[in-house]
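Architecture at a glance
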Amino acid sequence: MELKEFVILFAEQFEDTPTEQFTPETRFRELTEWDSLTALSIIAMVDEEFEKQITGADIRSVATIEELYTKINSK
Amino acid sequence: MQFLSFKNIGIAAISGAIPKNVINNYEYTQFFSADEVKTVVDKIGIFERRFAEKGICASDLCYAAAEKLFADNEINKEEIDLMVFVSQTPDYRMPATSFLLQNRLGLPGNTIVFDISLGCTGFIHGLYIVYSLMQHKSINKALLLNGETRSRVYSAKDRRVAFLFGDAGTATLIEKNYKFGESFFTITSDGANADLVKISGGGYRNPSSVETLKEKVVDGEGNIRSDEQGYMRGEDVFNLFIKAIPQDIKAILSLTKHEKEDIDYFVFHQASKYLNGYLARKLTLDESKVPSTLSKFGNTSSVSIPITIASELHSKLPGSNKLLLSAFGVGMSWASSIIKTIDIKISDITEI
């Protein structure tokens, strides 16, 4: 999957934050809407789209969407 | 995964009890802003919970449920051969709460009683343990009690768990009768993940002390709890859930040669709307076959499956019905079961 596509899928997990606001550089954990339930949506999306499992620690170890994308691809 | 099957044992009756005290989750705002609370509550789909008043224990909820069960079904207490109490919120560290309940309920000395310490999977575990003991000729009638005051286990200042848990108790009467046919269980224990849901202080490894009782900020989000309150590593629990549960349910269906369509109701442990919604989508289940009490009772741990049957299937189980039960939780532990109910008697839920 391309990074661009991942950013769109990532943005879809948020209800209130506008999609345009998401870029590869977005520091997602600093978004007001980010919480532990958004993290679950991201985990489910990664499981569906990549058939890979990311942990809570994986999510906490990165700052931006691109870094998470790189982390997933290294698995 | 352990696969078990039994013949001619089944649930004859269920009775539930809940505390009178209703907590409106949108108004549970003493530690968080109303906006933040609304966001969490809308996502988890838990709008109300029941909190036991001070002085009321899990055993009191079970006692009320059991007395109602005895009265509604005209049960002779002398005939109860076995009584099992499943809980992680017992009255005392010793003796086991089942002995106190035996005495209060007036059960005879030849009733075998013991406690099982288990959380969310405790109803399914209770069933297969009772069914196993009922292989003995002398054990013909059993009482399975599931009770929890989980509201007292977690910190109200930890937003990851503050809005999820509630209190309830149930009593389930289990009997031998050829009409019940076969029942099936899949049981998995995963001690490697024991630290995902835990209370680390107050046992004998880290005994209760001033230090274990101290409230601390535990993460970057400012959540506060003591070591004697439970924590849950939600993301990792969810990871395990999506890996294990759809597969476990598919396994029990295929091992027992059932199709999804053969099942009348799928009764899942009530953890959050998010998890059960995920499961229903993943397994493409018809939502009308997946009863839920999350919105009114929240997560009541091992009580959630029987209280959901008592509350939501009260008038929906005439004659013969097939139920698929599935639960996942502390241990870690997961379990599924396919059981047949025949003219099951469900009491009205008691409030105390």
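A short tour of the structure in this document, coming up. This one's a predicted model, so the numbers in the text were calculated from it and none came from an experiment. (Residues numbered from 1 in each chain as written. Chains lettered and ligands numbered in written order. Predicted model: local features only at pLDDT ≥ 70, side-chain atom pairs only at ≥ 80, totals over all residues. Heavy atoms only, no water.)

**Points about the overall build of chain B**
Assigned secondary structure in chain B consists of nine helices and 18 strands. Here the C-alpha atoms of chain B give a radius of gyration of 19 Å, agreeing with the 20 Å that 2.2 N^0.38 yields for 352 residues. Across its three principal axes, chain B shows a C-alpha extent of roughly 55 × 45 × 35 Å. Looking at the 352 residues of chain B, the share that counts as buried comes to 57%. (Helix = DSSP H or I, 4+ residues; strand = E, 2+ residues; numbered from the N terminus. Rg over C-alpha atoms; globule rule 2.2 N^0.38 Å. Buried < 20%, exposed > 50% of the residue type's maximum accessible area, 1.4 Å probe, protein only.)

**Notes on the overall build of chain A**
Secondary structure assignment for chain A yields four helices and zero strands. Mapped from its N terminus to its C terminus, chain A presents α and β elements in the order α-α-α-α. Computed over C-alpha atoms, the radius of gyration of chain A comes to 11 Å, within 12% of the 11 Å expected from 2.2 N^0.38 for 75 residues, which places it in the range of a compact globule. With the principal axes as the frame, chain A shows a C-alpha extent of 30 × 25 × 20 Å. The buried share of chain A, reckoned over its 75 residues, is 51%. Per element, the accessible surface of chain A, about 4000 Å² overall, is 45% carbon and sulfur. Separation of charge centres in chain A, based on 7 positive and 17 negative side chains, amounts to 10 Å. (Areas by Shrake-Rupley, 256 points an atom, 1.4 Å probe, with all protein chains shown as cover. Lys, Arg positive; Asp, Glu negative; His and termini not counted. Charge placed at Lys NZ, Arg CZ, Asp CG, Glu CD.)

**Side note on the nonpolar core**
Within the largest apolar cluster, 75 residues are counted, with the highest numbers of intra-cluster contacts made by Phe 6 and Phe 10 of chain A together with Phe 238 of chain B. Among the elements that line this core, the one with the most residues is helix 6 (residues 234–255) of chain B, at 10 residues. For Phe 6 of chain A, the residues in contact, after removing those within four places along its chain, are Met 1, Met 45, Val 46, Phe 50, Ile 65, Leu 68, Tyr 69 and Ile 72 of chain A. Of all hydrophobic cores here, the second largest spans 36 residues; its members include Phe 6, Ile 305, Leu 313 and Ile 344 of chain B. (Core = buried A, V, L, I, M, F, W, Y, C linked by side-chain atoms within 4.5 Å. Contact = heavy atoms within 4.5 Å.)

**Concerning the interface of chain A and chain B**
Taken together, the contact pairs 17 residues of chain A with 16 residues of chain B. Here chain A and chain B share an interface that buries about 1400 Å² over both sides, 56% of which is from carbon and sulfur atoms. Considering only the side of chain A, the residues that lose the most area to chain B are Leu 37, Leu 40 and Gln 53 of chain A, jointly responsible for 37% of the buried surface there. Across the salt bridge formed by Lys 282 of chain B and Glu 48 of chain A, the nearest N and O atoms sit 3.1 Å from each other. Put simply, chain A and chain B have seven residue pairs in polar contact (both at pLDDT 80 or more) between them. For the side of chain A that touches chain B, the secondary-structure elements that each account for two or more residues are helix 2 (36–50) and helix 3 (56–60) of chain A. The greatest single-element share of the side of chain A that touches chain B, amounting to 10 residues, is contributed by helix 2 of chain A. Here the residues of the side of chain A that touches chain B are counted per class, giving six nonpolar, six polar and five charged. (Buried area = accessible area lost by both parts, 1.4 Å probe. Salt bridge = Lys/Arg side-chain N within 4 Å of Asp/Glu carboxyl O. Polar contact = N/O pair within 3.5 Å; in protein donor to acceptor, adjacent residues only side chain to side chain. Nonpolar A, V, L, I, M, F, W, Y, C, P; charged D, E, K, R; others polar.)

**Things to note about the pairing of strand 7 (residues 141–149) of chain B**
Residues and elements named next belong to chain B. Judged by how many residues are buried, strand 7 sits mostly within the fold: nine of nine residues are covered. With burial as the criterion, each face of strand 7 is covered, one bearing Lys 141, Leu 143, Leu 145, Gly 147 and Thr 149 and the other bearing Ala 142, Leu 144, Asn 146 and Glu 148. In this sheet, strand 7 lies alongside strand 5 (residues 82–86) in parallel orientation, the contact comprising five bridges. Bridging across to strand 7, Met 83 finds its partner in Leu 143. Pairing of strand 7 with strand 8 (residues 167–176), which is carried by nine bridges, proceeds in the antiparallel orientation. If you follow Leu 143 over to strand 8, its bridge partner there is Leu 173. (Pairing = 2+ DSSP bridges.)

**Looking at the sheet that holds strand 1 (residues 2–7) of chain B**
Neighbouring strands of a sheet are bound in pairs by backbone hydrogen bonds; such pairs are parallel or else antiparallel. Residues and elements named next belong to chain B. Strands sit in the order 1-9-16-15-14 across an open sheet of five strands; the sheet is mixed. Across the chains shown, the open sheet's two edge strands, defined by having one partner strand only, are strand 1 and strand 14 (265–268). The mean angle between the axes of side-by-side strands here comes to 20°, regardless of whether they run parallel or antiparallel. Of the pairings in the sheet, the one linking strand 1 to strand 9 (residues 182–189) comprises six bridges and is antiparallel in character. Considered in strand 9, the bridge of Leu 4 is made with Phe 185. This element, helix 4 (residues 122–133), spans strand 1, strand 9, strand 15 (320–329) and strand 16 (333–342) of the sheet and lies at about 120° to strand 9. (Axes fitted to C-alpha atoms, helices over the stretch in contact; angles between N-to-C directions.)

**Observations concerning the pairing of strand 15 of chain B**
Looking along a regular strand, one sees side chains alternate from face to face of the sheet. Residues and elements named next belong to chain B. Taken across its 10 residues, strand 15 has eight buried, putting it largely inside the fold. Where strand 14 and strand 15 come together, four bridges link them in parallel fashion. Residue pairing for strand 15: Val 267 is matched across the bridge by Leu 325. Counting the residues that bridge the hairpin from strand 15 to strand 16 gives three residues, and of these Gly 331 lies at a positive phi of roughly 150°.

**Comments concerning the packing of aromatic side chains**
For the structure shown, the criterion picks out 26 aromatic pairs over all chains. Ring geometry for Phe 10 of chain A and Phe 22 of chain A: centres 6.3 Å apart, planes at 55°, overall tilted. Residue Phe 10 of chain A is found in helix 1 (residues 3–12), and its partner Phe 22 of chain A is found in the loop between helix 1 and helix 2; the two are separated by 12 residues along the sequence. Across the pair, Phe 22 of chain A and Phe 10 of chain A agree in class, each one buried. Relative to Phe 22 of chain A, the ring of Phe 14 of chain A lies with its centre 4.9 Å away and its plane at 50°, an arrangement referred to as tilted. Overall, Phe 14 of chain A belongs to the buried group, its relative accessible area being 6%. Here the aromatic residues Phe 6, Phe 10, Phe 14, Phe 22, Phe 28, Trp 34, Phe 50 and Tyr 69 of chain A are joined through ring pairs into a cluster of three or more. Across from the ring centre of Tyr 28 of chain B, 4.8 Å away, lies the NZ or CZ of Arg 49 of chain B, which sits over that ring. A cation over an aromatic ring shows up here: Arg 104 of chain B above the ring of Tyr 63 of chain B, its NZ or CZ 4.3 Å from the ring centre. (Phe/Tyr/Trp six-rings, centres within 6.5 Å; stacked < 30°, edge-to-face > 60°. Lys NZ or Arg CZ within 6 Å of the ring centre and 35° of its normal.)

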